[in-house]
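# Structural features, examined
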Amino acid sequence: MRKTPTEITEVHSRMSRRTLFLGGSMLAFMTGLGFRMRHLQLDQADQYRLLAEENRINIRLIPPARGEIFDRNGIVLARNEPSYRITLVPEDAGDVDKVIEKLATLVELDPNELDRAVTEMRRSPPFLPVTIADRVSWDELSRVAVNTPALPGITPEVGLSRYYPLRGDLAHVLGYVGPVSDYDLSKIDNPDQLLRIPRFQIGKVGLEGRMEDDLRGVAGTKRVEVNAVGRVMRELDRREGQQGDDVQLTIDQQLQSYAQARLGDESAAAVVMDCVTGDLLAVASAPSFDPNLFVQGISVADYGTLTSDNHRPLAAKSVQGAYPPGSTFKMITALAALEAGIVGYADTVYCPGHMKVSNRRFHCWKRGGHGHMDLAGALRESCDVYFYDLAIQVGIDKIAEVATKLGLGQRYDLPLSGMARGLNPNRAWKADVRGADWVVGDTANASIGQGFVLASPLQLAVMTARLASGKALDPRIVKSVNGVEEPLPIVPDLEVNAAHLAEVQRGMFQVSNHRRGTAYSQRIIDDEFRMAGKTGTSQVRNITAAERARGVTRNEDLPWERRDHGLFVNYAPYDNPRIAVAVVVEHGGGSKSATPIGRDITLQALYGGTPPLSAYPAKDREKIKKQQEEMQKLVPGREITRRNRA
């Protein structure tokens, strides 16, 4: 049907309106697009130029140099040494597997190290570098450097790694560093990004761990230009980080090395403390281990060897060990009785070889007894019955009070791992912890350092230093941090009667210098350096009545782990105390194992090196000469360097 002219006009009109509408819309869109392009290209040009620049430029962290550790004389105990390594940044590498395959044609890659690197890549942000090969040779590093254009994301680096030149001599004091683990990160709130760098080393145990914040330092940064495939083209600038603080210890390296060597193959510990300042001059535990094994991550085989050793080389026995102090505790019992006024210096107790307490017989170490003993004589000959009698009269609570004054049962504020508090028991402790009443037999046992009483070698050294000086000395091991000396505290006097303390000191002097003294055979001959001391033996097994009747089995005839511990504490010189020494030999078979070690370490400290043979009893000089020759083979030859004092 044909449309009328009027209808045709209406159709043309509608089409014109639509065309106009569409044309206007397109014009408006193009105008808006033009303005947007102008805004982006002109008004926001700087912002987008910066974004493009940031895509071209990467910012990377520079690990700081760790603070070094020195002994009191400036000898380096822990230092940083150059370490060549090859790293890979996953986001810059593209095809990681292909890059590693190319790298393997240039450098021999350890499969275990490679597996570890792959694991680190999975758990780390892609912009963080991962170490593919560590401690490579200079030749290997050079080959990689020449071929970096064909290895996107690969960077040959010279870094720093921790090194302990004295190896095992200070392992239990310094501890060691190792790569950051997930466990380490889990213990830190908002960890520093530095800690997320794979293989970054932090202190794990010992002083390295406890002073991590001081030693670590602050990271630096560098800006590098990368091309389209992520290869580093050049370094634009860098801001160096801040090196960690250097730490100087009170330890005397020469004395420490000697003490460690003198302990030998024993499972033992020795502590040397300055009687004036409280400085720890040596803190040795044996056997030891090489902390360098842990720096890059110890192997399963090496770790298994250490943990399977029944002498426990990983244990810092000097501060972590808690032992019955045996007869070295008798000075505390004696001082408590004197302070309580229940005994005079000349009062005697008869020792027939045993004492009956609550229908139980408590024996003296000397089966036939000591006869009549006064206080100095009882210390000199270590009469157990004398101290049973005193303790029962004075009571455990007063004994525990004096033990606290002399430093037992305390954990000292030192940057060392796992320090033992020991145990200084009293009536309240047994009621709270054991849910039982304290009985008189407990007091008898405690009086000679057995039963519930426990002390670490460090605590025994503190006890001895306080007895020697009459001062409430606390131990310290950090001498300075970043060159700033740690202030010496004002040390108060012990709250004990000076005359009573002098009587206990007199008994200790006789231990080493009276013919009947238990340490007389290991005395110091040099009058200038005469020492006062106390021997100790602590049982680790019960002796039955049947065994006692037929004769107590000798330690030499028992398995090692059932033998008595040997202990010796001493200070010297007697009339002007300079050092205090404590030695514990696990399962050494009694005090005879610890006393010569303590005497030798004391002489080494007093003479500042190998003492003359004239300081020893004449009968021992030939044996001592051979021993000194052996020690000189063990102690010298270390890679010793000193702090640059310029």
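Refer to the structure printed above.
First, a word on what this report is: a plain description of the structure on this page. No experiment lies behind these values; they were computed from the predicted model shown.

Secondary structure assignment for the protein chain yields 25 helices and 21 strands. Residues counted as buried form 52% of the 646 residues belonging to the protein chain. Once local pairs closer than 6 in sequence are excluded, the contacts in the protein chain between residues at least 24 apart make up 73%. As displayed, the protein chain has an accessible area near 30900 Å², and 51% of this comes from carbon and sulfur atoms.

Within the secondary structure, Ser257 sits in helix H11 (residues 253–263). Not counting chain neighbours up to four residues away, the residues in contact with Ser257 comprise Leu166, Asp169 and Val635.

Counting through the fold element by element, His500 comes out in helix H22 (residues 498–513). With 165 residues separating them in the primary sequence, His500 and Leu335 have C-alpha atoms 6.7 Å apart. Leaving out residues up to four positions away in the same chain, His500 has contacts with Leu335, Leu338, Glu339 and Tyr345.

Our next topic: helix H25 (residues 621–634). Each full turn of the α-helix corresponds to 3.6 residues, which orients residues three or four apart in the same direction. Taking 1.5 Å of rise per residue, the 14 residues of H25 would be expected to cover 20 Å, and the 20 Å separating its terminal C-alpha atoms lies within 8% of that figure. Taken together, the buried positions of H25 are occupied by Ile624, Gln627, Gln628 and Met631. With its buried residues spanning 105 degrees around the axis, H25 presents them on a single face. Those residues of H25 that are exposed and aimed more than 90 degrees away from the buried face are Glu622, Lys626 and Lys633. Structurally, H25 contributes buried residues whose contacts are with H11 and helix H24 (595–607).

This brings us to H24. For H24, with 13 residues, the first-to-last C-alpha span of 18 Å sits near the 18 Å given by 1.5 Å per residue. Extensive coverage of H24 is indicated by the burial of 12 of its 13 residues. Within H24, burial applies to Thr595, Pro596, Ile597, Gly598, Arg599, Asp600, Ile601, Thr602, Leu603, Gln604, Ala605 and Leu606. Residues of H24 that are buried in the fold lie against H11, strand S11 (268–274), strand S19 (532–538), strand S20 (565–572), strand S21 (579–585) and H25.

Let us look at the pattern of salt bridges. Applying the stated criterion across every chain yields a total of 23 salt bridges. Asp600 is the salt-bridge partner of Arg262, the closest N and O atoms lying 2.8 Å from each other. Pair noted here: Arg262 is in helix H11 and Asp600 is in helix H24, with a separation of 338 residues, a long-range link. Summarising the burial analysis for this pair, Arg262 and Asp600 share the class buried.

A few words now on the sheet that holds S11. The strand order across the open sheet formed by 5 strands is S12-S11-S21-S20-S19, and the pairing between neighbours is antiparallel. Looking at which strands have only one partner, the edges of the open sheet turn out to be strand S12 (280–286) and S19. The average angle at which neighbouring strand axes cross in this sheet is 5 degrees, direction not considered. As defined by bridge partners, S20 adjoins S21 across 7 bridges and the pair is classed as antiparallel. The partner of Leu567 across the bridge, within S21, is Val584. Against the sheet, helix H21 (residues 457–469) engages S11, S12, S20 and S21, with an angle of about 145 degrees to S21.

Cut-offs used in this document
In this numbering scheme, every chain counts its residues from 1 along its sequence in written order. Totals for whole chains, interfaces and linings use every residue, but because this is a predicted model, local features are given only for residues with pLDDT of at least 70 and side-chain atom pairs only at 80 or more, for both listing and counting. Here the side-chain values reflect all heavy atoms present in the structure, with hydrogen atoms and water set aside. Elements are defined by DSSP. Helices are runs of H or I of four residues or more, strands are runs of E of two residues or more, and each kind is numbered from the N terminus. Three labels apply to residues, based on accessible area from a 1.4 Å probe with only protein chains included: buried if under 20% of the type maximum, exposed if over 50%, partly exposed otherwise in between. Residues are treated as being in contact if the distance between any of their heavy atoms lies within 4.5 Å. Where accessible areas are quoted, they stem from the Shrake-Rupley method and a 1.4 Å probe; at the residue level, only the protein chains shown are allowed to cover. Each helix should span, by expectation, one fewer than its residue count multiplied by 1.5 Å. In this description, one arc is meant: the one made by directions from the helix axis to the C-beta atoms. What makes a salt bridge here is a side-chain nitrogen of Lys or Arg within 4 Å of a carboxyl oxygen of Asp or Glu, nothing more. Strands are labelled as partners when DSSP assigns at least two bridges between them. Here, axes are lines fitted to C-alpha atoms. For helices the fit covers the stretch in contact, and angles between N-to-C directions go from 0 to 180 degrees.

In short, geometric facts, not functional conclusions.
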